[in-house]
Amino acid sequence: MATGHTDPQRRERILAATLDLITEAGVAGVSHRKIATRAQVPLGSMTYHFTGIDDLLRQAFTRFADHIVAVFEQHLSRADSPEQAREAVTDLIHTLSEGPRRDLVLAHELYTLAARRPEYRQLTQDWMNRSRHLLEQHFDTDTARQLDALIEGLTLHRALAGSPHDRALTRRAVDRITAP
């Protein structure tokens, strides 16, 4: 294990290890000791870098939300017309549903934590607001809100289906919501 000054990435490794452990064992399965072992850092590093397990979870989930918002931005920033925006949303749904299972698990672990513990709701609200803001660059506020829910729902349905629906069905759903 590297120590102190020779390990400037320690905090980042702890956050990454936290997300990995949540993916495998759920929020209930994390502890300072398990994360420290996973990150290959001394146990004392946990309290040096984070005020407690809630601080660590909030920062790890914030990092995850930043990642998902970046995926939204990557898809939506290429759209220069309403047609391209609809296609970008369709691509986004398929990218998220066919992407790493890790992202799906982390999203639902965060939703569950926010549903149980009000102090995590602000984190999910901030994430939804950022996603909707990106959608609002192409759609009105109400449509962006509906699309955000559609993205979440279709991503989940496609990811968990034994035989996921095809792109044409996704596009029809997007078109229905975005029709003038």
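Let us look at the structure shown here. Position numbers for residues start from 1 in each chain and track the written sequence from start to end. With the structure being a predicted model, the display of local features is reserved for residues of pLDDT at least 70 and the display and counting of side-chain atom pairs for 80 or more, all residues being used for whole-chain, interface and lining totals. With hydrogens and water excluded, all non-hydrogen atoms of the structure serve as input to the side-chain values.

1. A closer look at the overall build of the chain
Stage number 1. On a plain count of helices and strands, the chain comes out with 9 helices and 0 strands.
Stage number 2. Secondary structure elements of the chain, listed N to C terminal, follow the sequence α-α-α-α-α-α-α-α-α.
Stage number 3. For the chain, the C-alpha atoms occupy an extent of roughly 55 × 35 × 30 Å along the three principal directions.
Stage number 4. Looking at the chain as a whole, 43% of its 180 residues are labelled buried.
Stage number 5. The contact definition used throughout considers only heavy atoms, calling two residues in contact when any of these lie within 4.5 Å. The long-range share in the chain, meaning contacts at least 24 apart out of those at least 6 apart in sequence, stands at 66%.
Stage number 6. Accessible areas in this description were obtained via Shrake-Rupley with a 1.4 Å probe; residue shielding takes into account the shown protein chains only. Accessible surface for the chain amounts to roughly 9700 Å². Of this, 52% is attributable to carbon and sulfur atoms.
Stage number 7. Counted charges follow a simple rule, with Lys and Arg positive, Asp and Glu negative, and His plus the chain ends left uncounted. Charge coordinates come from a single atom per side chain, which is NZ of Lys, CZ of Arg, CG of Asp or CD of Glu. Of the charged side chains in the chain, 23 are positive and 24 negative, and the gap between their average positions amounts to 6 Å. Secondary structure elements follow DSSP: runs of H or I no shorter than four residues count as helices, runs of E no shorter than two count as strands, and numbering proceeds from the N terminus. Throughout, exposure labels follow a simple rule: accessible area from a 1.4 Å probe, protein chains only, divided by the maximum for the residue type, with under 20% read as buried, over 50% as exposed, and the rest as partly exposed.

2. Notes on the side chain of His75
Stage number 1. Following the sequence through the fold, His75 ends up in helix H4 (residues 53-76).
Stage number 2. For this analysis, a polar contact is any N or O atom pair within 3.5 Å, provided that within protein one partner can donate a hydrogen and the other can accept it, and provided that sequence-adjacent residues contribute only side-chain to side-chain pairs. In this structure the side chain of His75 is engaged in a polar contact, spanning 3.1 Å, whose partner is the side chain of Thr95.
Stage number 3. With residues up to four places along the chain from it excluded, the contact list for His75 reads Ala88, Asp91, Leu92 and Thr95.

3. A look at the packing of aromatic side chains
Stage number 1. The pairing test for Phe, Tyr and Trp rings, Trp by its six-membered ring, is centres within 6.5 Å, and the orientation test on the planes gives stacked under 30 degrees, edge-to-face over 60, and tilted for anything in between. Per the counting criterion, the structure on display carries 2 aromatic pairs.
Stage number 2. For the pair Phe64 and Trp127, a centre-to-centre distance of 5.7 Å together with 80 degrees between the ring planes defines the contact as edge-to-face. Taken as a pair, Phe64 in helix H4 and Trp127 in helix H7 (residues 121-135) lie far apart in primary sequence, 63 residues in all. One exposure class covers both Phe64 and Trp127, and it is buried.
Stage number 3. Ring centres of Tyr111 and Trp127 lie 5.7 Å apart, and the angle between their planes is 20 degrees; this geometry places the pair in the stacked category. One end of the pair, Tyr111, is in helix H6 (residues 101-116); the other, Trp127, is in helix H7, with 16 residues separating them in the sequence.

4. So, the nonpolar core
Stage number 1. Membership of the largest hydrophobic core comes to 50 residues, with the highest contact counts inside it found for Phe72 and Val89.
Stage number 2. Dropping the residues within four chain positions of it, Val89 is found in contact with Leu76, Leu135, Phe139, Leu147, Ile151 and Val174. To qualify as a nonpolar core, a set must consist of buried Ala, Val, Leu, Ile, Met, Phe, Trp, Tyr and Cys residues joined through side-chain atoms within 4.5 Å.

5. As for the pattern of salt bridges
Stage number 1. Think of a salt bridge as a Lys or Arg side-chain nitrogen and an Asp or Glu carboxyl oxygen that are within 4 Å of each other. Under the defined criterion, the tally for this structure stands at 16 salt bridges.
Stage number 2. A salt bridge links Asp54 to Arg117, with the shortest nitrogen-to-oxygen separation between them at 3.0 Å. Of the two residues, Asp54 sits in helix H4 while Arg117 sits in the loop between H6 and H7, which places them 63 residues apart along the sequence.
Stage number 3. Between Asp91 and Arg167 there is a salt bridge, and its shortest N-O distance comes to 2.4 Å. Linking Asp91 in helix H5 (residues 82-98) with Arg167 in helix H9 (residues 167-178), this pair joins segments that are 76 residues apart in sequence.
Stage number 4. Of the residues examined, Arg167 reaches a relative accessible area of 31% and is grouped as partly exposed.
Stage number 5. Here the salt bridges do not stand alone but share partners, grouping Glu83, Arg86, Glu87, Asp91, Arg167, Arg171 and Asp175 into one network.

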